[in-house]
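Residue-level structural notes
Spelled out from the first residue to the last, the chains are:
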Amino acid sequence: MQISTRSYCYLLLWFGIIVMGVVLTPYFANDYRYFLVQGTGELVSSVSDIFVSQYRHYFEWGGRTVAHVIAQFLLWWGKPLSGIVQGLCYVLLILFIYYNAYGLKPTLRVRFVPIFIISLLLLLQLRRYGEVVFNIVSSANYLYTTTLVLIFLLPYRISMEREVNGSWYLAPLMLLLGVLAGWTNENTAAAVATGLGLYLIYCLKERKLTLWQVVGYAGFLIGFALLVLAPGNRARLDSMEDGGFDYLRHTLGALGIFCESLVMCALLIGAGIYLWLRVRKFMLQYTLPGTYHGAMWFIYTGFFSLVLMIFSPNFPARSATPFVVFTIIGIMSLSAIVLERYRSILPRKVERSLLLVGGALMLAIVVNIIYCAVVLNNDHRIREAEVLTQLEEGKRTLVVSPLHVQNFKYLYVADVRADPDYWTNHIVADFLKVDAVMRTCDYAPSALPIDLLFFGLVNSDRDCYLHPVPTPQSAQK
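The structure contained in this document is the topic of the report that follows. In this text, all values refer to a predicted model and were calculated from it rather than measured experimentally.

Right, let's get into the pattern of salt bridges. As enumerated under the stated definition, the model contains 12 salt bridges in all. Linking Arg383 and Asp415 is a salt bridge whose minimum nitrogen-to-oxygen distance equals 2.4 Å. Note that Arg383 is positioned in helix 17 (residues 348–392) and Asp415 in the loop between strand 1 (397–400) and helix 18 (423–432), a separation of 32 residues in sequence. The residues Arg383 and Asp415 share a single accessibility class, namely buried. A salt bridge links Lys395 to Glu393; the shortest N-O distance between them is 3.5 Å. On the accessibility criterion, Glu393 (52% relative accessible area) is exposed. Here the residues in one salt-bridge network are Arg127, Arg128, Glu260, Lys409 and Asp451, joined through shared partners.

The following block contains the structure:
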């Protein structure tokens, strides 16, 4: 089998970028929570600690056991090993977007231009890219789980175009993959369960339903049930309601985040509508019906996953990840249908210009990511020395210098703030087993949404607004 050298050199480059980003980026926020065994102040130090922690987590806080097992393993392994695993996962995500888009079995023969476009669309359209790709806990919840779901879905996608043989070995494999994929993420699993159920009803009607399809779907439903029926989900919702959670007000706010996600993903939506109109205008859906139906299945399922977030108790921007990934698959499939009939989607000169501009923008973004990550890493080393010195002095309220890079699209910087009651401050203080942690000053937040901050800036100390340092007594309050 011939290996596509150019494509894999490109993927190797992305592997290196992700490894560097993960290794250089400090731990933040919830990373410090999952360093610890759930319900204790003890560091995870063994495999048994992870399973004990997730057993408690399942009953006390939530059902995302698969995602959080991955997170705790990555944190336990530390860097650079976690960065290497993260890089491999990102490469797998790109590859399984490619395989699902074209309905291909995993192969080493992958074409460069589609791989390049997939990586460019991920870079430009993935909401809170740095949070999803570089941060350990957030990536476990979205990068890893979405990749796992795509691996599970690939046989179904292939079956939309041709018969898939091998039920005797595929059925048990799909059962295992189904349980793991269903036990990942609520909105993704609910959308996939709905879309896949409708597809299997179609297969039954057409007398194409096979054993492995039924077994895989049953496994997925089992995993989904384990996810949503976890006692910790009820305990978490009760905790939110006790804190004044208003479901009606939240739903109205969630509608705003939903609309914001559509605006931030305008490039994907515009490309999808253009390709769909072109396919329908010239009746191209009849030339490759399996590819067309596969494309629309992924687009509808991804959109439904985003709609479901409106009714979720929590709607972070990063939860648009499945919508973005599934839409990219649909776009690549629709483009394959157009290219089956025509030599290009746009005029050749326009296509080349767009690829050149995209490549230049990608290079600028990646250089900026690495530069800002290096600055963050150096700042964090200084902070570690500050924390160690204060702990050795027996201080119970720690005051640290600010990091010079603020949160932007491509790096997740959930730093502590000057206010000791900020949520991140509490997590870090609990991890360090002190009364309070705060930094000396804060930078003014940007007026633009984070997803429009494509480049990070290194702030000057002069830009940091000074705050009076609270006393230990006022910090405890």
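Counting residues in hydrophobic clusters, the biggest one holds 139 residues, and the most contacted among them are Trp14 and Tyr129. The biggest single contributor to this core is helix 8 (residues 136–159), with 14 residues. Val37, Val44, Ile50 and Val69 belong to the second largest nonpolar core, which has 5 residues in total.

What follows is about helix 1 (residues 5–24). Compared with an ideal rise of 1.5 Å per residue, which puts 20 residues at 28 Å, helix 1 spans 28 Å between its outermost C-alpha atoms and is within 8% of the ideal. Within the span of helix 1, buried status applies to Ser7, Tyr10, Leu11, Trp14, Ile17, Ile18, Val19, Gly21, Val22 and Leu24. Summarising the contacts, the buried residues of helix 1 are in contact with helix 5 (81–102), helix 6 (112–125), helix 7 (129–133), helix 8 and helix 17.

Omega for the bond connecting Lys79 with Pro80 falls within 30 degrees of zero, at 15°, which places this linkage in the cis form. One can find Pro80 in the loop between helix 4 (65–77) and helix 5. In this model, Lys433 sits at a positive phi of 60°, which is unusual for a non-glycine residue. As for its placement among the helices and strands, Lys433 is situated in the loop between helix 18 and strand 2 (436–439). For Lys433, a relative accessible area of 48% gives the class partly exposed.

In this structure, Cys372 sits in helix 17. Separated by 86 residues in the primary sequence, Cys372 and Val458 place their C-alpha atoms 7.1 Å from one another. In this structure, Cys372 is in contact with Val405, Phe408, Leu411, Gly456 and Leu457, ignoring residues within four places of it in sequence.

Attention shifts here to the packing of helix 8 against helix 11 (residues 211–228). Where helix 8 contacts helix 11, the axes come no closer than 11 Å and their chain directions differ by 145°. Note on packing geometry: the crossing formed by helix 8 with helix 11 is left-handed. For the pair formed by helix 8 and helix 11, the contact residues are Phe152, Pro155, Tyr156 and Ser159 on the first element and Trp212, Gln213, Gly216, Tyr217 and Phe220 on the second. Looking at the contact of helix 8 with helix 11, its residues break down into 6 nonpolar, 3 polar and no charged.

Turning our attention to the state of the cysteines. One pass over the structure, following the stated rule, counts 1 disulfide. A disulfide bridge connects Cys441 with Cys464, and the sulfur atoms are separated by 2.0 Å. With the S-S bond torsion at 110°, the cross-link from Cys441 to Cys464 turns out right-handed. Placement of Cys441 in strand 3 (residues 441–443) and of Cys464 in strand 4 (residues 464–466) is noted, with a sequence separation of 23 residues between them.

What follows is about the packing of aromatic side chains. Taken as a whole and assessed by the stated rule, the structure comprises 30 aromatic pairs. For the pair Tyr55 and Phe59, a centre-to-centre distance of 5.1 Å together with 55° between the ring planes defines the contact as tilted. Here Tyr55 pairs with Phe59, and both are found in helix 3 (residues 47–60), just 4 residues apart, close to one helical turn. For Tyr55, a relative accessible area of 56% puts it in the exposed group. Overall, Phe59 belongs to the partly exposed group, its relative accessible area being 42%.

Together, Val47, Phe51, Trp76, Trp77, Leu81, Ile84 and Leu88 make up an exposed nonpolar region whose accessible area comes to about 630 Å². Going through the elements one at a time, helix 3, helix 4 and helix 5 are the ones with two or more residues in the nonpolar patch. It is helix 5 that provides the largest number of residues to the nonpolar patch, a total of 3 residues. Along the chain, Trp77 turns up in helix 4.

Further remarks concern the environment of Leu120. Within the secondary structure, Leu120 sits in helix 6. Taking the C-alpha atoms as reference points, Leu120 and Gly359, 239 residues apart in sequence, are found 7.8 Å from one another. Ignoring sequence-local partners within four residues, the contact set of Leu120 consists of Gly358 and Met362.

Between its first and last C-alpha, helix 17 extends 65 Å over 45 residues, near the 66 Å set by a 1.5 Å rise per residue. One or two steps after helix 17, the chain reaches Gly394, where phi turns positive at roughly 80°.

So, how was this worked out
Residue positions are given per chain, counted from 1 along the sequence in the order it is written. Predicted model: local features are reported for residues with pLDDT of at least 70 only, side-chain atom pairs are reported and counted for 80 or more only, and whole-chain, interface and lining totals are derived from all residues. Side-chain metrics rest on all non-hydrogen atoms present in the structure, leaving aside hydrogens and water. The rule for a salt bridge is simple: a side-chain nitrogen of Lys or Arg has to be within 4 Å of a carboxyl oxygen of Asp or Glu. Helix and strand definitions here come from DSSP, where helices need a minimum of 4 consecutive H or I residues and strands a minimum of 2 consecutive E residues; each element is numbered from the N-terminal end. Relative accessibility under 20% of the residue-type maximum defines a buried residue, over 50% an exposed one, and the middle range a partly exposed one, all with a 1.4 Å probe and only protein chains included. Definition used in this section: a nonpolar core is a set of buried Ala, Val, Leu, Ile, Met, Phe, Trp, Tyr and Cys residues joined via side-chain atoms within 4.5 Å. A helix is expected to span 1.5 Å multiplied by its residue count minus one. In this description, contact between two residues means that some pair of their heavy atoms is separated by no more than 4.5 Å. Between N-to-C directions, angles cover 0 to 180 degrees, with each direction set by a line fitted to C-alpha atoms, over the stretch in contact for helices. Should the near helix be turned anticlockwise from the far one by less than a right angle, the crossing is termed left-handed; should it be turned clockwise, right-handed. In this count, Pro and Cys sit with the nonpolar residues alongside Ala, Val, Leu, Ile, Met, Phe, Trp and Tyr, while Asp, Glu, Lys and Arg are called charged and the others, Gly among them, polar. When two cysteine sulfur atoms lie within 2.5 Å, the pair is treated as a disulfide. Ring pairs are drawn from Phe, Tyr and Trp, using the six-membered ring of Trp, whenever the two centres fall within 6.5 Å, and their geometry is named by plane angle: stacked under 30 degrees, edge-to-face over 60, tilted for the rest. Distance thresholds for patches are 9 Å for like charges and 5 Å for nonpolar side chains (Val, Leu, Ile, Met, Phe, Trp, Tyr), applied to residues having over 30% relative accessible area and no salt bridge. All accessible areas in this document rest on Shrake-Rupley with a 1.4 Å probe, and a residue is counted as covered only by the protein chains that are shown.

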